[in-house]
Amino acid sequence: MTILIAYDGSADSRSAIEFAAKHLAAQPTIVVTVWEPLLVQLRKYPLAAGAISPETETEAQGQAEYYAKEGAELAVAAGLPEVTYRAVADNESIWRTIVDVADEVDAALIVTGSRGLAGVRSVLLGSVSNHVLHHARRPTLIVPPVAQPKA
């Protein structure tokens with residue numbers, strides 16, 4: 001059984017890794033971070049064309065590699081064995097890429113946090129985790145945010 005964990009560096013994606021390590025049987029794990037290439041960004045956000053540059057794409061790819069590696073290191077530190085990581089460029093949408101990678105590796109389970117770094121975009125376009133849940137053809141675990149202590 002392979003576990004696929006979607007990780008974007010957010011607190012919720014960190015919680016997803018910690019939950020998986022604590023509650024799931026130790027299995028080979030792949031941490032995946034999805035990034036958007038320049039052409040995908042232009043297609044999705046044509047009005048933002050002036051703010052998108054080739055340097056932005058290089059930075060996005062580098063940041064995705066950084067987050068994927070960071071997620072794998074967190075998973076190992078949390079006790080998951082055989083952890084690998086991948087930064088994957090999306091061609092259509094982040095959620096579709098997560099589902100496609102899960103299919104490619106025949107993941108037994110997809111684990112994701114309930115909210116990521118998309119912020120306002122996720123409110124306007126719909127949650128990545130919600131789309132993964134409704135479109136994946138395999139079990140999906142969405143880990144909610146960690147409850148903050150009441151003051």
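The preceding data block contains the structure.
Since this is a predicted model, take the numbers as computed values, not measurements.

Examining the sheet that holds strand 4 (residues 109-113)
Moving on, step 1. Read from one edge to the other, the open sheet built from 5 strands follows the order 3-2-1-4-5, with strand pairing classed as parallel. Of all strands in the sheet, those bounded by a partner on one side alone are strand 3 (83-89) and strand 5 (140-143). Shown here is a sheet whose adjacent strand axes are inclined to one another by a mean of 20 degrees, direction ignored.
Moving on, step 2. Sheet topology places strand 2 (residues 29-35) next to strand 3; 7 bridges connect them, and they run parallel. The residue of strand 3 that forms the bridge with Val32 is Arg86.
Moving on, step 3. Contacts from helix 4 (residues 94-104) reach strand 1 (3-6), strand 2, strand 3 and strand 4, with the element oriented near 135 degrees to strand 3.

Structural notes on the environment of Ser10
Moving on, step 1. By the secondary structure assignment, Ser10 is in the loop between strand 1 and helix 1 (11-23).
Moving on, step 2. Overall, Ser10 belongs to the buried group, its relative accessible area being 6%.
Moving on, step 3. C-alpha separation for the pair Ser10 and Arg115, spaced 105 residues apart in sequence, amounts to 8.0 Å.

Digging into the pairing of strand 2
Moving on, step 1. Of all the 7 residues making up strand 2, 7 are buried; the element is thus mostly covered by neighbouring parts of the structure.
Moving on, step 2. Alternating positions in strand 2 separate into two faces, Thr29, Val31, Thr33 and Trp35 on one and Ile30, Val32 and Val34 on the other, with burial throughout.
Moving on, step 3. Of the pairings in the sheet, the one linking strand 1 to strand 2 comprises 4 bridges and is parallel in character. Paired with Leu4 across the two strands is Ile30, which belongs to strand 2.
Moving on, step 4. Between the parallel pair strand 1 and strand 2, the chain is carried across by helix 1, and the sense of this crossover is right-handed.

Definitions and cut-offs
Residues numbered from 1 in each chain as written. Predicted model: local features only at pLDDT ≥ 70, side-chain atom pairs only at ≥ 80, totals over all residues. Heavy atoms only, no water. Pairing = 2+ DSSP bridges. Helix = DSSP H or I, 4+ residues; strand = E, 2+ residues; numbered from the N terminus. Axes fitted to C-alpha atoms, helices over the stretch in contact; angles between N-to-C directions. Contact = heavy atoms within 4.5 Å. Buried < 20%, exposed > 50% of the residue type's maximum accessible area, 1.4 Å probe, protein only. Right-handed = clockwise from strand over helix to strand, strands pointing away.

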